[in-house]
Amino acid sequence: MTYLDNNIVNVAIPTIQRSLHLSVSGLEWVVSSYLLTLAGLLLVGGRLADLYGRRRLFVAGLAVFTLSSLAAGLAGSGGVLIASRAIQGIGAALLMPATLAIIMAAFTNVRERTMAIGIWAAVSALALASGPVLGGLISQHLHWGWIFLINVPLGVITAVLSVLYVEESRAGSAIRGLDLPGLVSSAVSLFALTYALIQGNANGWTSPFILGAFALAAVAAAAFLTIESRSANPMVELSMFRQPEFSGGTGTMMIWAFGILGIYFFTSIYLQEILGFSPTKAGLAFVPMALTVAVFAAIAPRVEAWAGAHRTVAFGMLLMVVGLVLFARLGLHASYDSLLPGFMLFGAGAGAGLMNVPLTNAVMQAVPAARAGVASALLNASREVAGLLGITVIGAVLRTRQGAALRSGADPVRAFVDGYHLGLLVTILLLAAGVVVSYLTLRPRAAAATQATTVAPARESVAVGELATVDERASELMVADEMAP
């Protein structure tokens, strides 16, 4: 639900604008208000989950998210919709970090835990890919409010199942102190950074207010790092970032989010405003991506077992680059058939296709289970902030190029396409860098490999075999579910 609400709105944006008579600024805040509170409070949610109980925070966040979804679906004005979306972000910030932390606590068996994390990553990626499809179908054939109202029955059912079947877990007593200065400084830094990224274009990037927001974010971040380095019970163990798998995996996630979320937003506009697709047709254009996510999820365990996580993730990023290159070749008269190769390659590399499952596993396995909530929050926060940065940067590049084209005499349609292509080029270059980052940071270290071989070669061989088998079974179940009527 939380991943869907990140992008299901994109295809429905024109319909919402016509229904509520929103300005462009108001329309941006329908998307941004959710991201602002979500990104700003993710670290807080992760630490509170570790401290006070993962199930407790999950159910509380789910209740907030479900009730605010009801309010958003019934909203009759832009103000109510924006406020409801902001509260949705608060609920999502409480429940999202708890999901991975619950999995880490519930599954002590490495084989089962890996399967569970793989399903988690695959489902979230499928939600990301299917969001435009659902958004297009609902906004064209039902009232747009149903893009939020579908969360209500799902939220109620999930809450009941959680209360009945999910066991409570929390961090060990040795690290259960509440780092209040760390909570406050991290929230202030993320809020200020997110707000500056959202409002920078509207207010002007050099305006005193925006520069002040960036300065506040930097000061709060410096205070956070100082506090965490001196605290007896820090919210975030800075030593986690010394693990190449954690720091490199988080960095790769940021690069991935920058590219996929930034392009998602403007591709929806390109399909509807430039190519003239209806909301339903624009959503259906993303179906090949969802299908390739499911298909490549089935082969990803075999690829990873044969090539290693570092090569698998890097190759997935490379497929995304090739897909975007194909998009950059399209112009004013692209057809559904011409869009298909780019979408399929992008889906094969993105999400659960080839990179998200091994990437999430590498990041979460690099930290102790007691810090699972914060580690999950860091992974999710990096994705949200980077996704917002992608929308902001690509949007700024697009508008700058678009303005230059208009001044040179180009018509508005051609000017937008020129800007869109330049935004694609920026994303292509960044994702190409991500290929290198993921390959270098996720590859097995020689010292660790030698030690593992010396200490327990037989156990490692069995674990790898079991891991590949279970990942394959989980992927087959996902594909079967995807193909079911």
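Because the structure is a prediction, the values reported are computed rather than measured.

About the criteria used
Residues numbered from 1 in each chain as written. Predicted model: local features only at pLDDT ≥ 70, side-chain atom pairs only at ≥ 80, totals over all residues. Heavy atoms only, no water. Helix = DSSP H or I, 4+ residues; strand = E, 2+ residues; numbered from the N terminus. Buried < 20%, exposed > 50% of the residue type's maximum accessible area, 1.4 Å probe, protein only. Contact = heavy atoms within 4.5 Å. Areas by Shrake-Rupley, 256 points an atom, 1.4 Å probe, with all protein chains shown as cover. Patch = residues over 30% accessible without salt bridge, like charges linked within 9 Å, V, L, I, M, F, W, Y side chains within 5 Å. Salt bridge = Lys/Arg side-chain N within 4 Å of Asp/Glu carboxyl O. Expected span 1.5 Å × (residues − 1). Bend = angle between axes of the 7 residues up to and from the residue. pLDDT = per-residue confidence, 0-100. Phe/Tyr/Trp six-rings, centres within 6.5 Å; stacked < 30°, edge-to-face > 60°. Axes fitted to C-alpha atoms, helices over the stretch in contact; angles between N-to-C directions. Parallel < 35°, antiparallel > 145°, perpendicular 65-115°, else oblique. Left-handed = near helix turned anticlockwise from the far one by under 90°. Nonpolar A, V, L, I, M, F, W, Y, C, P; charged D, E, K, R; others polar.

1. A look at the overall build of the protein chain
Step number 1: Scanning the protein chain from terminus to terminus reveals 19 helices and zero strands.
Step number 2: Looking at the protein chain as a whole, 55% of its 485 residues are labelled buried.
Step number 3: Residue pairs at least 24 apart in sequence account for 83% of intrachain contacts in the protein chain once pairs closer than 6 positions are excluded.
Step number 4: Entry remark: accessible area of the protein chain is about 19,500 Å², with carbon and sulfur atoms responsible for 68%.

2. Section: a nonpolar patch on the surface
Step number 1: A surface patch of nonpolar side chains, amounting to about 630 Å² of accessible area, comprises Val156, Ile157, Val160, Leu161, Leu164 and Tyr165.
Step number 2: Locating Val160 in the fold gives a position in helix α7 (residues 151-165).

3. What to know about the pattern of salt bridges
Step number 1: For the coordinates displayed, the defined rule picks out one salt bridge.
Step number 2: For Arg54, the salt bridge identified is with Asp50, shortest N-O distance 2.7 Å. Across this residue pair, the class does not change: Arg54 and Asp50 are buried.

4. Quick look at helix α4 (residues 78-106)
Step number 1: The terminal C-alpha atoms of α4 lie 41 Å apart, and with 29 residues this matches the ideal 42 Å at 1.5 Å per residue to within 8%.
Step number 2: For α4, the principal kink sits at Thr99 and spans about 25 degrees.
Step number 3: Counting buried positions over the 29 residues of α4 gives 21, a clear majority of the element.

5. Regarding the confidence of the model for the protein chain
Step number 1: For the protein chain, mean pLDDT is 77; residues scoring 70 or higher make up 83% of the total.
Step number 2: Long-range and interchain partners of residues 447-485, a stretch whose pLDDT sits below 50, account for 28 contacts in this model, where long-range means more than four residues apart.

6. Looking at the environment of Ile147
Step number 1: You can see Ile147 is positioned in helix α6 (residues 146-149).
Step number 2: Residue Ile147 is classed as buried on the basis of its relative accessible area of 0%.
Step number 3: Here the alpha-carbon distance between Ile147 and Leu134, two residues 13 residues apart in the chain, equals 7.5 Å.
Step number 4: With near-sequence residues (within four places) excluded, Ile147 lies in contact with Ile8, Val9, Ala12, Ile16, Gly135 and Ile138.

7. Looking at the side chain of Thr250
Step number 1: Summarising the element assignment, Thr250 is placed in helix α10 (residues 244-274).
Step number 2: Residue classification places Thr250 among the buried residues on the basis of a relative accessible area of 8%.
Step number 3: In this view, Thr250 contacts Val363, Leu378, Leu379 and Ser382; residues no more than four positions away in its chain are not counted.

8. Topic: the packing of aromatic side chains
Step number 1: Inspection of every chain in the model, using the stated rule, returns four aromatic pairs.
Step number 2: With centroids separated by 6.4 Å and ring planes inclined at 85 degrees, the aromatic side chains of Trp144 and Phe148 adopt a geometry described as edge-to-face.
Step number 3: Relative accessible area serves as the criterion here: at 2%, Trp144 is assigned to the buried category.
Step number 4: Ring geometry for Tyr195 and Phe209: centres 5.9 Å apart, planes at 80 degrees, overall edge-to-face. With a gap of 14 residues between them, Tyr195 in helix α8 (residues 180-203) and Phe209 in helix α9 (residues 208-230) connect regions that are remote in the sequence.

9. A look at the packing of α4 against helix α16 (residues 372-407)
Step number 1: Contact geometry for α4 and α16: axes closest at 8 Å, N-to-C directions at 140 degrees. With respect to each other, α4 and α16 are oriented oblique. For the crossing formed where α4 meets α16, the hand is right-handed. Across the interface between the two elements, Met96, Pro97, Leu100, Ala101 and Met104 of α4 pack against Ala372, Gly373, Ser376, Ala377, Asn380, Arg383 and Glu384 of α16.
Step number 2: Taken together, the residues that form the contact of α4 with α16 break down as seven nonpolar, three polar and two charged.

10. So, the environment of Gly204
Step number 1: Tracing the backbone shows Gly204 in the loop between α8 and α9.
Step number 2: Residues contacting Gly204, with those up to four places away along its chain left out, are Gln199 and Ile210.

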